[in-house]
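# What the coordinates show
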Amino acid sequence: MSSDTTETAVDAAGYFAAGFTAIRSNVEQALTGKPLAVRLALTCLFAGGHLLVEDVPGVGKTTLAKAIAASVDAGWHRIQFTPDLLPSDITGTMVYDQRQGTFEFRPGPVFAHIVLADEINRASPKTQSALLEVMEERQVTVEGRSHLVPTPFLVVATQNPVDLEGTYRLPEAQLDRFLLRIAVGYPDVAAERDVLLGRARTGGAPVLRPVAKVEQVRWMIEYVSRVHVGDAVAEYVARVAEATRSHPGLRLGLSPRGSLAMVRAAQAWAAGEGRGFVTPDDVRAVAEPVAAHRLLLDPQAEIEGQTSAGILRELLTAVPAPVPAAVR
């Protein structure tokens, strides 16, 4: 590799890290004391995936999604999922134009760079399925015609796992569309004190201003695909995936799509560190939010109190990781 190429790669890595830090710092103004949740959410954005935030009410799920949207100078829409929501309320519908005497497509709120699907599990399965195509293929098909959504395109969905009355569980095919599933969690005492004092002084949430252009975000997503993944790291991910498929406590192991998701998220995590290559530590950092919701427990393991996240952590420790010299 020439010195000019090396310098260019270093400059690109530094530019990405600076942009990542600027957006992360901006989002953390709204979500105090949750640096890991913020970093994972931005990792999902720059990996080109979709994010599911699953937690109890009032911990900042919607705040996180809105803060990401406010930090990027891009279009965003919020969809409040309710039992009476129809698929066409999300994707759009054909409308008759009396002046032209023809039907034309009127885009729905899914046509935005960032879409907040609030309480996604409160809509019917038919309505939930309206997101399947657009989340995977970045397009909506209506009356046999395909309509592309803007790029970048990120769906941030929230759901409350405690209040299950009037909800519809997301099927495995829908869960698999989300690159990461995270929880925000309760803040510690110091962080909650800062939130209380801040809101008492200002009377409301901080107003965030964009710190990145949509073109910059588009470049950052493209850059992530150029972060180097060595043969040893790829084999490590493949062996972890193989171990999940043969584990007696799991009825469904990690699919090749899940393995690809783990690598892509690890690339974005490494880029956020300012590195141009992936290490086993990057894989371990993103493994649980990427893979845990893709694994199905065996009924006996569920009775015994095991969790998919716990089994995954065991396997990450049991599968030998490559030595540092082999990852570049």
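Before reading further, recall that the structure is shown in the block above.
Spatial strand order, E3-E6-E9-E1-E10: 5 strands in an open sheet with parallel pairing. Strands with a single pairing partner mark the edges of an open sheet, and in this sheet they are strand E3 (76-80) and strand E10 (180-182). When the angles between neighbouring strand axes are averaged without regard to direction, this sheet yields 15 degrees. The sheet contact formed by E3 and strand E6 (residues 114-118) spans 5 bridges and is parallel. Bridge pairing in E6 links Ile79 to Ala117. The strands touched by helix H3 (residues 61-71) are strand E1 (51-54), E3, E6, strand E9 (154-159) and E10; relative to E6, the strand with the most contacts, the crossing angle is about 170 degrees.

Two side chains that carry opposite charge are able to pair once their charged atoms sit near each other. If you walk through the whole model with that rule in mind, you get 16 salt bridges. Among the salt bridges present, the one from Arg122 reaches Glu119, with a minimum N-O distance of 3.1 Å. The buried category is assigned to Arg122, whose relative accessible area is 18%. Since its relative accessible area comes to 28%, Glu119 is described here as partly exposed. Ionic pairing is found between Asp281 and Arg284, a salt bridge with its closest N-O pair at 2.6 Å. On the criterion of helical spacing, the pair formed by Asp281 and Arg284 is a turn pair, its members being 3 residues apart in helix H12 (residues 280-291). Salt bridges here are not isolated pairs; linked through shared partners, they connect Asp176, Arg257 and Arg294.

Moving on, we get to the packing of helix H10 (residues 231-246) against H12. With their axes 10 Å apart at the nearest point, H10 and H12 run at an angle of 35 degrees to one another. Crossing of H10 over H12 shows right-handed handedness. Between H10, through Val233, Tyr236 and Val237, and H12, the contact on the second element is made entirely by Pro280, Val283 and Arg284. Residue composition of the contact of H10 with H12, grouped by class: 5 nonpolar, no polar and 1 charged.

Now for H10. With 16 residues, H10 should cover 22 Å at 1.5 Å per step; its first-to-last C-alpha distance of 23 Å lies within 8% of that length. Three or more residues of H10 are buried, namely Ala232, Val233, Tyr236, Val237, Val240, Ala241, Ala243 and Thr244. Its buried side turned inward, H10 meets strand E12 (250-252), helix H11 (256-272), H12 and helix H14 (308-318).

Once that is clear, we can look at the side chain of His113. Of note, His113 is situated in the loop between strand E5 (102-107) and E6. Engagement of the side chain of His113 in a polar contact is seen with the backbone oxygen of Thr151, the distance being 3.5 Å. Setting aside residues up to four positions removed in sequence, His113 forms contacts with Ala74, Gly75, Pro150, Thr151, Pro152, Phe153, Leu154, Val214 and Arg218.

In this description, a pair of aromatic rings is defined by centroid distance and the angle of the planes. Applying the stated criterion across every chain yields a total of 8 aromatic pairs. Members of the aromatic cluster, joined through ring pairs, are Tyr15, Phe16, Phe20, Phe46, Trp219 and Tyr223. Taking the ring centre of Trp269 as reference, the NZ or CZ of Arg39 above it sits at 3.6 Å. Here Arg275 stacks its cationic end above the ring of Phe277, 5.6 Å away from the centre of that ring.

Once that is clear, we can look at the environment of Ala238. With respect to the secondary-structure elements, Ala238 resides in helix H10. In this structure Ala238 comes out as partly exposed when scored by relative accessible area, which is 43%. With 22 residues separating them in the primary sequence, Ala238 and Leu260 have C-alpha atoms 9.4 Å apart.

Within the largest apolar cluster, 73 residues are counted, with the highest numbers of intra-cluster contacts made by Phe46, Leu64, Leu180 and Met262. Phe46 has contacts with Phe16, Phe20, Ile23, Val217, Met220, Ile221, Val224, Arg264 and Ala268, leaving out every residue within four places of it along the chain. Core analysis: the next-biggest nonpolar cluster, separate from the first, contains 25 residues, Val110, Val115, Val140 and Phe178 among them.

Interaxial distance between helix H9 (residues 214-224) and H11 falls to 9 Å at its minimum, and their mutual angle equals 115 degrees. Handedness of the crossing formed by H9 with H11: right-handed. Between H9, through Ile221, Tyr223 and Val224, and H11, the contact on the second element is made entirely by Arg264, Gln267, Ala268 and Ala271. Of the residues contributing to the contact of H9 with H11, the split by class is 5 nonpolar, 1 polar and 1 charged.

Cis geometry is adopted by the peptide bond preceding Pro152, which originates at Thr151 and carries an omega value of 0 degrees. Within the secondary structure, Pro152 sits in the loop between strand E8 (145-148) and E9. Non-glycine residue Arg138 carries a positive phi angle of around 60 degrees. Its relative accessible area of 22% is what places Arg138 among the partly exposed residues. Although it is not a glycine, Glu143 adopts a positive phi angle of roughly 55 degrees. Looking at the element boundaries, Glu143 is found in the loop between strand E7 (139-142) and E8. Residue Glu143 is classed as exposed on the basis of its relative accessible area of 68%.

Scoring rules and cut-offs
- Residues numbered from 1 in each chain as written.
- Predicted model: local features only at pLDDT ≥ 70, side-chain atom pairs only at ≥ 80, totals over all residues.
- Heavy atoms only, no water.
- Pairing = 2+ DSSP bridges.
- Helix = DSSP H or I, 4+ residues; strand = E, 2+ residues; numbered from the N terminus.
- Axes fitted to C-alpha atoms, helices over the stretch in contact; angles between N-to-C directions.
- Contact = heavy atoms within 4.5 Å.
- Salt bridge = Lys/Arg side-chain N within 4 Å of Asp/Glu carboxyl O.
- Buried < 20%, exposed > 50% of the residue type's maximum accessible area, 1.4 Å probe, protein only.
- Left-handed = near helix turned anticlockwise from the far one by under 90°.
- Nonpolar A, V, L, I, M, F, W, Y, C, P; charged D, E, K, R; others polar.
- Expected span 1.5 Å × (residues − 1).
- Polar contact = N/O pair within 3.5 Å; in protein donor to acceptor, adjacent residues only side chain to side chain.
- Phe/Tyr/Trp six-rings, centres within 6.5 Å; stacked < 30°, edge-to-face > 60°.
- Lys NZ or Arg CZ within 6 Å of the ring centre and 35° of its normal.
- Core = buried A, V, L, I, M, F, W, Y, C linked by side-chain atoms within 4.5 Å.

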